[in-house]
Amino acid sequence: MNRIVLLILFTSILSSQYSFGYDYFSINKPNSTSWSVNGQGTIKNTQISVFPRGIYAEVSITFEVSAEGANGIQAGDTLEAVIDFSLPQKSLVIDSWLWIDDTTIVQAKHLDRWTATNIYENIVRRVRRDPSLLTKSYWGDNYNIKIYPLMYTTPRKAKITYLVPLENNGDYVFAPLPVNIVNLSKTIGNISLKLFENDSDYTNPVVDNGMGLSYTEGTENNLKFFATTLSGGATAFAATKIKYNSNYPNKISFSQYPLKDSENEGYYEVSFKINDFLKMPKTKRLCVVVDYDSIYSSLTATELKQSVTEYLKTYLDSTDYFNVVFGGKIIKKHSEDWVLAKKSNIETAFSTESNYKSDTTGQEKLLNTVVDFVNAKDSSARIMLITSNIKRYKADTALKISDRVVKRMNTKTAIDIFDHYVFYYLSSTGGNFVAYNPYTVINGNWYYGNELFYTDLCKKTGGNYYEIRNYSYYYYYSYYSIKSNFDYYLTQNSQYIDGTFSAFDFQVSSNEGFTYGRYMVKNVDLTKVSPSAEISMVGKYSGKLPLKVQVSGIHRGKTYARSYSFDATTANNEGSIVERHWWGQYILQNEVSYQNQTISEVVDAAIKYRILCRQTAFLCLEPSLGGEVCKDCVDGVPLTQENQYPFTDGLASSTTEENVENVVKAYPNPATEKVTFEFSNTKNETVVIQIFSSTGQLIKTITVDPKDTKVEWLVTFENGERVPRGLYLAVITIGKKSQTLKIQVE
């Protein structure tokens, strides 16, 4: 294990420095004399299921990939589909499946990344078999799946399952859909959805803002679902979320799971919105300022409108207020007063103005107009500036203008700035790329464009600055999504709409004990937290129930404090999934470590709880190579709590084939001269042992007579020559049962 981890660690260091993640889909020719990328293929027959549990939702996406639409493909070509995709922050990928044919479905083996990658690449180089490989990038929440072989006229079918943190909005929770994967297709097809309820906790699922969709009610595996279809077409799917009614008492989701054979130790998870917990007034006011010209960004005016309107619909309630001010030579206010944040009003505000322009002579006039509006109407509002303005102030001018804007305010009003400054933009005349990269250096810090002015203004007002950049003309047209970045930062900023606490505290305590091992599932800065922020956390406890959740804080001069207690009768009964959620957060926090011992522990935990991490991989192999056939897999149907997570002391075991754990023993391990395989309870069935090298090559096959209880492998190839030192995989098949063991030869 140590040798494997050392190699993984070295790879982690290199990749973390140089890798760059984005959504991308390509059809490759891995075995051609000149390895080539042949552009996009097609993703079709997509099915997505959503099943909320606790503070996460389980999402499964089943899809077919084909070479349709790719360039330079000929009949008889053996191809490889490669998809790079991103998932929401803190997602946990828990499984992968591959269809060998219409009836044979293989569930992935979960191996260390080094072993899995070598097996996959050796198969692709040497033989025409059926593997898929799913890995996590060393950068961000990005993933890669490779599927081989892909013939020109024959699609391949695969499935990925992951857990995504629910977004708790009090009365509702939201689960984002992975439409970004479907959008990678050459042509955009329909998406079939199955939205499952979870007893009485999460009910009435619908596509958020999915007006006009019809739903068909059904039941599978004793679970109620609602089915509908999202129609594809010429344009990509916009960011889409599923909305559930949340029926938790006091709008607090709390679950606990005791350790086996212990009533006083266990895991817990809790999620709530702070203003719900503290019963605070919720009215918010937000003034959106659009100082934007799409010529200076790869984000189009249509995309900006989509992102901002969805943001306002999602994070403002119908009792909140907003206004929009459009910049340019002529400054336009949507309204002279605050407007109720009804969805129809939000759509109207942006439909009346579609030709966004910025005033390249400066922004002080625009900011003064906005500040005057807020001063007159409500200085407790927040201002959000979205800009691609290329006007750059000199350093002393920038600081003076920010001072004047702040002094103009009756009371300090936070300004959040989303800077879409570009290094390259398209000329409005010739269609050529124009370099634009002026910068200022102050005390060794580089400020590009108007970054100095923006960061100084945010610092003085208590706002946040977000840079959303194109660093080269290549990324202007690439699959790297500026819109995805913009949407992400909008979501991050949503927690600050109604200001921040000047003091805040949050604790979970145990009666006659303590809590520890706490991980925040949502990134929240508790030193600068907003009433509308969501607290979502997992942890451990040692002591007697109940567990007490306490929250207190000072907001705009008023003190708030409240606590709730939960025992075994009042906490939600989500079972061992709570344990898995905790270990998922542990893995996410520690997979970035450069410590060899920590990475070793992460790999062990990831494989034990079947959670993909940077150092492991999901490898699907056809049955002849040791792949496990998933006889009970059904497209898009989540299993019940009892058989979806069959933990033994927290260990996630296979749900597909009967395992032969404790039936086969191999010793000594590590081995120098021979390995003895000893069997029990074989029921007179034939035993076949296949030995694979670390590159996936089958080097030895041993068939054991049903009457024998043990057999020796003399650490040799079929020709009798001794194998080199290293790691080997022994796939032991007993009838319909199978097991894979790692053998280290010294």
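Note that the coordinates shown come from a computational prediction; the quantities given were computed from them, not determined experimentally.

Novice: How should I be thinking about the overall build of the chain in this particular structure?
Specialist: Scanning the chain for helices and strands turns up 14 helices and 45 strands. Burial statistics for the chain: of 746 residues in total, 56% are counted as buried. The contacts in the chain between residues at least 6 apart in sequence include a share of 74% that link residues at least 24 apart. Working note: accessible area of the chain is about 31,400 Å², and carbon and sulfur atoms make up 47% of it.

Novice: It is not clear to me how the packing of helix α5 (residues 301-315) against helix α11 (residues 482-493) should be interpreted in this structure. Could you clarify?
Specialist: Axis angle and axis distance: for two packed helices, these are the angle between their axes and the distance between the axes, and together they describe the pair. As a packed pair, α5 and α11 sit with axes 10 Å apart at the nearest point and diverge in direction by 25°. Comparing their axes, α11 and α5 come out roughly parallel. Regarding α5 and α11, the two cross each other, and that crossing is right-handed. Across from Glu-303, Gln-306, Ser-307, Val-308, Tyr-311 and Tyr-315 in α5, the residues of α11 making contact are Lys-483, Phe-486, Asp-487, Leu-490, Thr-491 and Asn-493.

Novice: Explanation requested: the pairing of strand β25 (residues 382-387) in the structure shown.
Specialist: Consecutive side chains of a regular strand alternate in pointing toward one face of the sheet and then the other. With six of six residues buried, β25 is to be regarded as a mostly interior element. In β25, alternate side chains face the same way, and those of Arg-382, Met-384 and Ile-386 on one face and Ile-383, Leu-385 and Thr-387 on the other are all buried. Both strand β21 (residues 285-291) and β25 contribute to a ladder of six bridges, which runs parallel. Residue pairing across strands places Leu-286 opposite Arg-382, the latter belonging to β25.

Novice: When you look at the pairing of strand β13 (residues 172-176) in this model, what are you seeing that I'm missing?
Specialist: Alignment of strand β12 (residues 167-168) against β13, held across two bridges, turns out to be antiparallel. Within the sheet, the bridge partner assigned to Glu-167 lies in β13 and is Phe-174. Joining the antiparallel neighbours β12 and β13 is a turn of three residues, in which Gly-170 adopts a positive phi near 85°. The pairing of β13 with strand β18 (residues 241-246) spans five bridges and is classified as antiparallel. Counted as the bridge partner of Phe-174 is Lys-243 from β18.

Novice: What am I meant to see in the nonpolar core here?
Specialist: The tendency in soluble globular proteins is for nonpolar side chains to be buried side by side. Core analysis: the largest hydrophobic core is formed by 53 residues, its most contacted members being Ile-27, Val-50, Val-65, Ile-83, Phe-85, Val-93 and Leu-193. Once residues lying within four places of it in the same chain are set aside, the contact partners of Val-50 are Ala-57, Glu-58, Val-59, Ala-175, Leu-177, Lys-194, Leu-195, Phe-196, Ile-242 and Tyr-244. The next biggest cluster of nonpolar side chains, apart from the first, holds 29 residues, and it includes Phe-322, Phe-326, Tyr-466 and Ile-497.

Novice: Help me understand the side chain of Asn-590 in this model?
Specialist: By the element assignment, Asn-590 lies in helix α12 (residues 577-590). Among the polar contacts listed, one links the side chain of Asn-590 to the backbone oxygen of Tyr-586, at a separation of 2.8 Å. Excluding its chain neighbours within four sequence positions, the residues that come into contact with Asn-590 are Tyr-519, Thr-598, Ile-599 and Val-602.

Here is what the cut-offs are and how they apply
Residues numbered from 1 in each chain as written. Predicted model: local features only at pLDDT ≥ 70, side-chain atom pairs only at ≥ 80, totals over all residues. Heavy atoms only, no water. Helix = DSSP H or I, 4+ residues; strand = E, 2+ residues; numbered from the N terminus. Buried < 20%, exposed > 50% of the residue type's maximum accessible area, 1.4 Å probe, protein only. Contact = heavy atoms within 4.5 Å. Areas by Shrake-Rupley, 256 points an atom, 1.4 Å probe, with all protein chains shown as cover. Axes fitted to C-alpha atoms, helices over the stretch in contact; angles between N-to-C directions. Parallel < 35°, antiparallel > 145°, perpendicular 65-115°, else oblique. Left-handed = near helix turned anticlockwise from the far one by under 90°. Pairing = 2+ DSSP bridges. Core = buried A, V, L, I, M, F, W, Y, C linked by side-chain atoms within 4.5 Å. Polar contact = N/O pair within 3.5 Å; in protein donor to acceptor, adjacent residues only side chain to side chain.

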